[in-house]
Amino acid sequence: MTNQLADDGAVNELARQPNPGTGLLGPNFARRSRPHPTDETEDLGQWVALDESGWDGDQLYGQQRSRYLSIGTVAISDDEAAPIVEEIRTATRLQAAEVKFSKGFTGPRHSPRRAVLATMLAPGGALHERASVYLVDKHYFIVGKLIDLFIEEKEAKQGRDIRNTDRARQMARSLFAEGPRALGPELFGRLLSTTVAFAAAKNHDQSVTVEDFHNLVEEAWTQSRRRKVTEALAALRTTKEEAAEYLQEAHGPDAALGQSLEPLIPATAAIIANRSKELGRVNFLLDDQRAMTDANLDRIEDEARGRTLPEFRYLSYGVHLGELVRGKSQDHPSLQLADLVSGAGFAVAERYDGQSNPAGDDLYEAVVPLIDPAGLLSHDDPGRIAYPEVRYTR
């Protein structure tokens, strides 16, 4: 017993230890942290810094939740980024320890600072052709997961592939685009919120049961007034078995699906693929986001290298990933630039969503050309956004 207590104490002490380079606690963040600056002279390929704005984990729906996740990347190393950050400091008279969009570029009185950023992003600016924005509509992501986790799983059991035939994407687009009109905004909102409550990691106690989830699906199917939505819900209402299996696989003793609703993981994998196909061999430095554990970064790297899910190995063709590490933005000027880009993207997304946003108004023209079409919710194609390009499910 004494030895067991000693062992438990050692484990607990390890879990409280900050890791060099980030300060994040515990062994989950011990391997992939980079404390020293990135250098353009390293013979590893182009460094790309990545940061996000609007992250809520797997809590993707609710009045207090932002609808969009904006992920900004800048193809730049720390030694290249440092003088640009200093130039921004001088031009904007920022005195803070690090440059952050939320601390110095929001609100009506900071329009001159946003003008500096817009100039940097525009043709001829220091960040022109370096910066990119990937937007995820969380509501569409939820709808995509309804198809991915339940309908696609049942179809696969019966030997039908609805992903590679594009049927899954078509179904998700129809349900997302026509759902509010087919069900009414209130019922469609309850469908999204119930899906999140059922599939999120916090449902480990199964307070939202399979019956709760499928009762709502049944109500939605009964009320639907559009054919394509009715068809999608008809398929979903036959997936009770798959829903029960999901709870077991997400929260059982051998849980493998505990982060199925975390959009940052598949979005980062998609960004790595997109940027590599654009830039060639790339190395990614991520902000010290707690969702990006060593295990999750391992999964993203495995996907980039085509090591998992052989049926989707084609997604890794043309992807050349070197290092995949995290760092503390205060120590990495490239991450400070990525923060500015992600914050600008989030402000523009809020403007797009009809919210009053002075930053979005000022930066709209500079940011829209940076938005990756693989993650853009466009007016003419309301489904064109972030249906999971990389699958981390069964």
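Everything here concerns the structure above.
One structure accompanies this document, and this report is about it. Predicted model only: the values in this text are computed from it and were never measured. (Residues numbered from 1 in each chain as written. Predicted model: local features only at pLDDT ≥ 70, side-chain atom pairs only at ≥ 80, totals over all residues. Heavy atoms only, no water.)

**Topic: the overall build of the protein**
Piece 1. On a plain count of helices and strands, the protein comes out with 14 helices and five strands.
Piece 2. Counting every atom, the protein has about 17500 Å² of accessible surface; 49% of that belongs to carbon and sulfur. (Helix = DSSP H or I, 4+ residues; strand = E, 2+ residues; numbered from the N terminus. Areas by Shrake-Rupley, 256 points an atom, 1.4 Å probe, with all protein chains shown as cover.)

**Some points on the nonpolar core**
Piece 1. Of all hydrophobic cores here, the largest spans 67 residues; its most connected members are Phe150, Leu183, Phe198 and Phe284.
Piece 2. Per-element tally for this core: the top contributor is helix 5 (residues 138-157), with nine residues.
Piece 3. Sequence-distant contacts of Leu183, that is, excluding residues within four places in its chain, are made with Phe188, Leu191, Ala220, Gln223, Ser224, Val229 and Leu233.
Piece 4. By size, the runner-up hydrophobic cluster in this structure holds 38 residues, among which are Trp47, Val99, Leu335 and Ile371. (Core = buried A, V, L, I, M, F, W, Y, C linked by side-chain atoms within 4.5 Å. Buried < 20%, exposed > 50% of the residue type's maximum accessible area, 1.4 Å probe, protein only. Contact = heavy atoms within 4.5 Å.)

**Observations concerning the packing of aromatic side chains**
Piece 1. Enumeration over the complete set of coordinates arrives at eight aromatic pairs.
Piece 2. When the ring of Phe150 is compared with that of Phe213, the centres are 5.3 Å apart and the planes differ by 45°; the resulting orientation is tilted. One end of the pair, Phe150, is in helix 5; the other, Phe213, is in helix 8 (residues 210-223), and 63 residues separate them in sequence.
Piece 3. Judged by centre distance (6.2 Å) and plane angle (35°), the ring pair of Phe198 and Tyr246 falls under tilted. On the criterion of sequence distance, the pair formed by Phe198 in helix 7 (residues 185-199) and Tyr246 in helix 10 (residues 240-251) is long-range, its members being 48 residues apart.
Piece 4. Looking at Phe198, the relative accessible area reads 0%, which means it is buried.
Piece 5. For Tyr246, a relative accessible area of 0% corresponds to the buried category.
Piece 6. A network of ring pairs unites the aromatic residues Phe150, Phe198, Phe213 and Tyr246 as a single cluster.
Piece 7. Seen from the ring of Trp221, Arg237 lies directly overhead, with NZ or CZ sitting 3.7 Å from the centre.
Piece 8. Above the face of the Tyr364 ring, Arg351 is positioned so that its terminal group lies 4.1 Å from the ring centre. (Phe/Tyr/Trp six-rings, centres within 6.5 Å; stacked < 30°, edge-to-face > 60°. Lys NZ or Arg CZ within 6 Å of the ring centre and 35° of its normal.)

**Quick notes on helix 9 (residues 227-236)**
Piece 1. Among all positions of helix 9, only Val229, Ala232, Leu233 and Leu236 are buried. For helix 9, the buried positions fall inside an angular range of 95° around the axis, keeping them on one side.
Piece 2. Among the structural elements, helix 5, helix 6 (167-183), helix 7 and helix 8 are those in contact with the buried residues of helix 9. (Arc of directions from axis to C-beta.)

**Let's talk about the environment of Leu247**
Piece 1. Mapped onto the elements of the fold, Leu247 is located in helix 10.
Piece 2. We classify Leu247 as buried; its relative accessible area is 3%.
Piece 3. Along the backbone, Leu247 and Gln206 are 41 residues apart, and their C-alpha atoms lie at a distance of 7.7 Å.

**Some words on the pairing of strand 5 (residues 321-327)**
Piece 1. Taking burial as the measure, the seven residues of strand 5 include six buried ones, the bulk of the element.
Piece 2. Taken together, the five bridges between strand 4 (residues 282-287) and strand 5 define a ladder with parallel strand orientation. What sits directly across from Leu286, in strand 5, is Arg326. (Pairing = 2+ DSSP bridges.)

**Re unusual backbone geometry**
Piece 1. Non-glycine residue Arg93 carries a positive phi angle of around 60°.
Piece 2. Mapped onto the elements, Arg93 comes out in the loop between helix 2 (78-92) and helix 3 (101-104).
Piece 3. At Asp166, a residue that is not glycine, the phi angle is positive and equals roughly 75°.
Piece 4. Structurally, the position occupied by Asp166 is in the loop between helix 5 and helix 6.

**Section: the sheet that holds strand 3 (residues 131-137)**
Backbone-to-backbone hydrogen bonds join strands into a sheet, with any given pair of strands oriented parallel or antiparallel.
Piece 1. Pairing is mixed across the open sheet formed by five strands, whose spatial order is 3-2-1-4-5. Each edge of the sheet is formed by a strand with only one pairing partner; in this case those strands are strand 3 and strand 5. Going across the sheet, the axis of each strand differs from the next one's by a mean of 20°, ignoring polarity.
Piece 2. Against the sheet, helix 12 (residues 294-304) engages strand 4 and strand 5, with an angle of about 160° to strand 5. (Axes fitted to C-alpha atoms, helices over the stretch in contact; angles between N-to-C directions.)

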